[in-house]
Amino acid sequence: MSLAKLTASAVVIAAVSASAASARDQIRIVGSSTVFPFSTAVAEQFGKTTDFRTPVVESTGSGGGLKLFCAGVGVEHPDVANASRRMKAKEFKLCAENGVTEITEVTVGFDGIVVANAKSGADFEVTREQLWQALAAEGDKPTTWDEIDPALPAIDIEVLGPPPSSGTRDAFEELVMIEGCLEAGHEKDFCGKDGSHIREDGPYVEAGENDNLIVSKLEANPDALGVFGFSFLDQNADAIKGAVVDGVEPTFDNIASGDYPVSRSLYFYIKNAHVGVVPGIQEYAVEFMSENAAGEDGYLLDKGLIPLPADSFNTVSDAVKNLTTMTGNEWN
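Residues numbered from 1 in each chain as written. Predicted model: local features only at pLDDT ≥ 70, side-chain atom pairs only at ≥ 80, totals over all residues. Heavy atoms only, no water.

Where an unreviewed UniProt entry is consulted, the chain appears under the name Phosphate-binding protein PstS, with the organism given as Roseovarius litorisediminis.

Here's what the structure looks like:
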């Protein structure tokens, strides 16, 4: 009976693979709006220089993309998920529950989270504590920046930022809200829970997953600030400027050196069960983590990517070539 069941299962798997191969010959990528421009650039280069079709890249936010990625195996599900923060343990568990058991994690490089405004707006030099005071759900809830510090501009607090589904939002809460809360002298338990929540009474405006839309809104309203990845500041430096945070400017060199305090790693995740079924998945990943793309002089640097150090880059490139799978110990 066991042999019969095994044979039947093998037939089903073969049939699914054959169906998948005929059903979709184009890679589908979902996830982070921050990783989107890098992933799109690689997809376009991949389509031009190989015999594979140009992958489809969708900006759904890190959380939304990983939810789609972890929903199951089969051509109705994405092949790759971009993320501007690491996959969470609960997402890894969701993947496993839905049969997505072999995943390769790829660290692409680094990015800074910037607070920026229009070139015509006021210059901002803020601390993470001041940003926390401006945006925390708990506390005094000031309405203008100069209520926090007279040295700050006397304008209404209006910050356009990502929604909860965004990896940028997750990272902002971790790197700014929690750290700013701690700097304000609150207890760690409070800061890690209630203290990290962003206020919902108007000054913080959820502007969706489209960071380019935030940039255009900042141009239209010089008094507003926006929160997004450094790459969007880098690509729109003629129209917007970044705030100095804790005395450090958001520049390529400052992020690469670790001096800029609001920086994070960027990732994408490969669904290994789809490799060899949907054509070109591993080849696309190899292109992404090639010296020509994400290396120290690669074309993604022109898009604002901060590259990995050489030893880390080589380790990640090898993991892509070998499709090294996550073990579940990544959070220990």
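1. A word on helix α5 (residues 128-135)
Formally: Type-normalised accessible area, obtained with a 1.4 Å probe on protein chains alone, sets the label of each residue: buried when under 20%, exposed when over 50%, and partly exposed for intermediate values. Here a strand is any run of E in DSSP of at least two residues, a helix any run of H or I of at least four, and the numbering for each starts at the N terminus.
Within α5, 6 of the 8 residues are buried, leaving the element largely enclosed by the surrounding structure. Of all the positions in α5, only R128, Q130, L131, W132, A134 and L135 are classed as buried.

2. What to know about the nonpolar core
Which entries qualify depends on this criterion: Side-chain atoms within 4.5 Å are what join buried Ala, Val, Leu, Ile, Met, Phe, Trp, Tyr and Cys residues into a set we call a nonpolar core. Throughout, a residue-residue contact means that at least one pair of heavy atoms, one from each residue, lies within 4.5 Å.
Formed by 47 residues in total, the largest nonpolar core has its most connected members in L135, W145, V159, F172 and F228. Going through the elements one at a time, β4 (103-118), α5, β6 (159-161), α6 (167-183), α8 (211-220), β8 (225-229) and α9 (230-235) are the ones with two or more residues in this core. In contact with W145, not counting residues within four places along its chain, are F124, Q130, L131, A134, L152, P153, I155, D156, I157, E158, V159 and L225. Judged by nonpolar contacts, the second largest core, of 31 residues, contains V42, V106, V278 and L305.

3. What to know about the side chain of T168
Mapped onto the elements of the fold, T168 is located in helix α6. The residues touching T168, leaving out its near neighbours within four places in the chain, are T34, S84, I113, P162, V227, F228 and R264.

4. Re the packing of helix α2 (residues 36-49) against helix α11 (residues 281-288)
The test is simple: In this analysis, axes come from line fits to C-alpha atoms, helices being fitted only over the stretch in contact, and the angle between any two N-to-C directions falls in the range 0 to 180 degrees. For any helix crossing, the convention is left-handed if the near helix is rotated counterclockwise from the far helix by under a right angle, and right-handed if that rotation is clockwise.
Running from amino to carboxyl end, α2 crosses α11 at an angle of 115°, the nearest separation of the two axes being 10 Å. Taken as a pair, α2 and α11 cross one another with a handedness that is right-handed. Side by side, α2 and α11 meet where F38, S39, V42, A43, Q45 and F46 of the first sit next to E283, Y284, E287 and F288 of the second.

5. Some details on the domain arrangement of the chain
When the parts of a complex come together, some accessible area is lost, and that lost area is often taken as the interface size. For clarity, the threshold we go by: Note that the domain bounds were set by an automatic or database domain assignment. Accessible area that two parts lose when put together, with a 1.4 Å probe and added across both, is what the buried area reports. For salt bridges, the criterion is a side-chain nitrogen of Lys or Arg within 4 Å of an Asp or Glu carboxyl oxygen.
The domain boundaries assigned to the chain delineate domain 1 (28-110 + 265-322) and domain 2 (111-257). When each unit is reduced to the centre of its C-alpha atoms, the spacing between domain 1 and domain 2 is 27 Å. If you look at the interface, domain 1 gives 22 residues, while domain 2 gives 17 residues. With both chains or domains summed, domain 1 and domain 2 bury close to 1,400 Å², and 53% of this area falls on carbon and sulfur atoms. Considering only the surface of domain 1 that becomes buried against domain 2, S33, T34 and I306 emerge as the three largest contributors, covering 35% of it. Scanning the region where domain 1 abuts domain 2 turns up 2 salt bridges.

6. Comments concerning the state of the cysteines
Note the following rule: The criterion for a disulfide is a pair of cysteine sulfur atoms lying within 2.5 Å.
Evaluation of the coordinates by the stated rule reveals 2 disulfides. A disulfide bridge connects C70 with C95, and the sulfur atoms are separated by 2.0 Å. Here C70 and C95 share a disulfide; its torsion about the S-S bond, -70°, makes the bridge left-handed. One end of the pair, C70, is in the loop between α3 (62-69) and β3 (80-83); the other, C95, is in helix α4 (residues 89-97), and 25 residues separate them in sequence. The class for C95 is buried, based on a relative accessible area of 0%. If one numbers only the bonded cysteines of the chain, in the order they occur, the disulfide pattern is 1-2, 3-4.

7. Examining α2
Going by this rule: Helices are assigned an expected span. That span is 1.5 Å times one less than the residue count.
Taking 1.5 Å as the rise per residue, α2 with 14 residues should run 20 Å; its terminal C-alpha atoms sit 20 Å apart, in good agreement. Buried within α2 are the following residues: F38, S39, T40, A41, V42, A43, F46 and G47. Taken together, the buried residues of α2 touch β1 (28-31), β2 (56-57), β3, α9, β11 (263-271) and α11.

8. Focus: the pattern of salt bridges
Enumeration according to the criterion identifies 14 salt bridges in this entry. Between R85 and D170 there is a salt bridge; the shortest N-O distance is 3.0 Å. One end of the pair, R85, is in the loop between β3 and α4; the other, D170, is in helix α6, with 85 residues separating them in the sequence. D170 carries the same exposure label as R85, and that label is buried. The salt bridge involving R169 is made with E206; its shortest N-O contact spans 3.6 Å. Here R169 is found in helix α6, whereas its partner E206 is found in strand β7 (residues 204-206), with 37 residues between them in sequence. Connected through salt bridges with shared partners, the residues R85, K88, E91 and D170 form a single ionic network.

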